[in-house]
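# Inside the fold
Spelled out from the first residue to the last, the chains are:
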Amino acid sequence: MGALGAALYAKKFYNAHKNYKTKFNINSIDNIHYEKKFLRCNGCGNKCYITKFIFDNNNIFYTGNKCEKIFSNKSKKEKSSVPNFFIEKEKMLFSMNETDNFDPSKPIIGIPRILSMYEHFQFFYTLFNRLGFKVILSDKSTTPLYYKGLKTVSADNICFPAKISNGHIINLLEKKVDRIFLPTIIFEKEEGKDSKNAYNCPIVTGYGEVLKRNIFTNIPIDTIPLSFKYEKGLKKNLFNYLNKIGNVEKNDFEKAFNQAKLAESNLQKEQIELAKKIIEQAKKENKILVILLGRPYHLDPMVNTGIMNLIYELGAYGITENAIPELYNMDLKGVLPLTQWSYHNRLYLAAKWIAKQDYEKITAIQLNSFGCGPDAVVVDEIKAIIESGGKIFTAIKIDEMSNLGAAKIRIRSTFEALNQNSNINLAKKRKYTKPYTKEDRKKTILVPKFSKFYSELYEAVMYNLGYNIKTIENQSRESIEEGLKYVNNDMCYPAIVVIGDIIKTLKSPEVDPDNSVVALSQTGGQCRASNYVPLLKKALIDAGFENTPVISLGTDASMEGIKVNPIKLLKYSIIAFAAGDSLLRLKLSTKPYEKNPGETLKIFNYLLGHFKEQMILKPPTTKMLKNF
């Protein structure tokens, strides 16, 4: 992209300055001589390997540095008039009062500086502290700390923020704590009044259990289940846990719990006040303002690979999305994915806020960790929301990176675009698929093929409920190719195949997209499979089929478009699938002993078709099933 951009710029410059003559002599490159030295930076935990180039004219240039705090190529270091929000936020979040007294009879609690603790550390620290427990926090993330835990990581394809957690647990074991506290947080606080749910990331939720089973120690790793969405249950589980390990009085717990809530609330207010000052100063100085979107744990300098500090080093100001002053004035109306993940919902609200700002030099940068399943859903939606407001969006995928060069180029390119495109309207109008109406009920409903016999029987079930279902046949390699064109490639393989199959079918001459409806089943749990329907809608829009309605059938949170009698649906489905199960068992037990190859399958297909015809002639009953 950089080379293409340079070529386009050169072409534009040349056309505007036909008489311009460059002062640069390309032959001088052959006469450049330099000396190279290798250094190690000890400015932070990243401990970057630095290459120092010393040229004939004594000019110096550094490469390999993730930031320019110690080794800088700037001729003059500009001092920012506001503090670095990201550094201040980390200080606020992990501030501890080392002088507080604690009860020596109570166990020393170790809290790892990982995952959900980048959201809730102050809450848990205050709770333990007020009840007399001594709290020890793991050290900041470093490469040696990461490598200490690497041999206990059970899956290499897990995201880096999870991998680094193993090292933090070992760090706490070395500090001789009595217990390690890493709760299983299933539900977070609700983000957005109109959200469907408040799930946490499934990896963040369950990684404590993984750590318990991969790090062998006599020190307990406490993974009690907690949900911030339900305060009554949160209080109950915390009290039972604390009373079990430290004999806590109910009245003392109530006071400590309220103080913990207040501490977390005050922390949020402090961040918002600091963000307000930074926003005002950015506008006053006409500086670029970056809203950094990501998960709470992206605040870890090793996880964000120094990108947060780089924003300030490049002369811009930045804040994280949780500190946006008017964040909760936004709503989730019009958001395509299922609004069920709490942190995703916060990102959607932030994206809407960014899109509505009239400040020309505001931009969004989203950090996305490799291996993050839920982020495969959110990145495209955030991009669409922000670009609908004419703002520039940049997504940077990060992992165990050792060189910030590529990210630096992208961020600098974004900043240059902001400085040059102030008078250009970049707004892109959002498109949505046509909503399903009563008039569409007569159209053919296309559904993916999940199983030969169950799919056929389901056609008969839906026929009795007033819908004309047609199963998509002939899945092929072409389905995969179509899926890869229109589905985020970080999505799971089934989504790519199923959605690709639907797009391929709509493109075929046998199907009229304007007289068709697409249906897809949908779950409502933490898994990203709950967002297959929104992904399908986006794929249809990108492929030019926005006039094809989409309907879904699933949980209450994901039901959309189709309206059926749930009692009849359940009854007909049980009868149909009971017949299908019986036929399948009969087929599997008969086929190994057949005398004439293919005869079992022939009879099976005949019986399947016969029962399907019976179901189409009249609604299925238990009597029909018994007779069959």
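Predicted, not measured: the structure shown is a model, and the values here were computed from it. (Residues numbered from 1 in each chain as written. Predicted model: local features only at pLDDT ≥ 70, side-chain atom pairs only at ≥ 80, totals over all residues. Heavy atoms only, no water.)

## A look at the overall build of the chain
What counts, and what does not: Strands here are runs of E lasting at least two residues and helices are runs of H or I lasting at least four, both read from the DSSP assignment and numbered beginning at the N terminus. To sort residues, take the accessible area from a 1.4 Å probe on protein chains only and compare it with the maximum for the residue type: under 20% means buried, over 50% means exposed, and anything in between is partly exposed. By the convention used here, residues are in contact when the closest approach between their heavy atoms is within 4.5 Å. A 1.4 Å probe and the Shrake-Rupley method give the accessible areas. Residues count as covered only by the protein chains that appear here.
Counting its regular elements, the chain contains 19 helices and 17 strands. C-alpha extents for the chain along the principal axes are approximately 90 × 85 × 50 Å. With 628 residues in all, the chain has 50% of them scored as buried. Taking contacts inside the chain between residues at least 6 apart in sequence as the whole, the part at least 24 apart equals 73%. When the accessible surface of the chain is split by element, carbon and sulfur atoms take 53% of a total near 32,200 Å².

## Comments concerning the confidence of the model for the chain
Going by this rule: Every residue is assigned a pLDDT by the predictor, reflecting its confidence on a scale from 0 to 100.
Scored by pLDDT, the chain has a mean of 89; 95% of the residues are at 70 or more. Within the chain, strand 17 (residues 550–554) has the poorest average pLDDT of any element, 77, and strand 6 (residues 179–181) the best, 98.

## Quick notes on unusual backbone geometry
A positive phi angle, near 65°, is found at Lys-176, a position not held by glycine. For Asn-286, which is not a glycine, the phi torsion comes out positive at approximately 55°. Turning to its location among the elements, Asn-286 is positioned in the loop between helix 8 (250–285) and strand 10 (289–293). For Asn-286, a relative accessible area of 45% gives the class partly exposed.

## Structural notes on the sheet that holds strand 4 (residues 109–111)
Just so we agree on the cut-off: Two strands are counted as paired when DSSP detects at least two bridges linking them. In this description, a line fitted to the C-alpha atoms serves as the axis of each element, helices being fitted only across the stretch in contact, and the angle between N-to-C directions of two axes falls anywhere from 0 to 180 degrees.
One open sheet holds the 4 strands; their spatial order is 5-4-6-8, and the pairing between them is parallel. Where the open sheet ends on each side, the last strands, each with one partner, are strand 5 (135–137) and strand 8 (221–222). Pairing analysis gives 2 bridges linking strand 6 to strand 8, with the strands arranged parallel. Bridged to Ile-180 within strand 8 is Ile-221. Where helix 3 (residues 117–130) meets the sheet, its contacts fall on strand 4, strand 5 and strand 6, and the angle it forms with strand 4 comes to roughly 165°.

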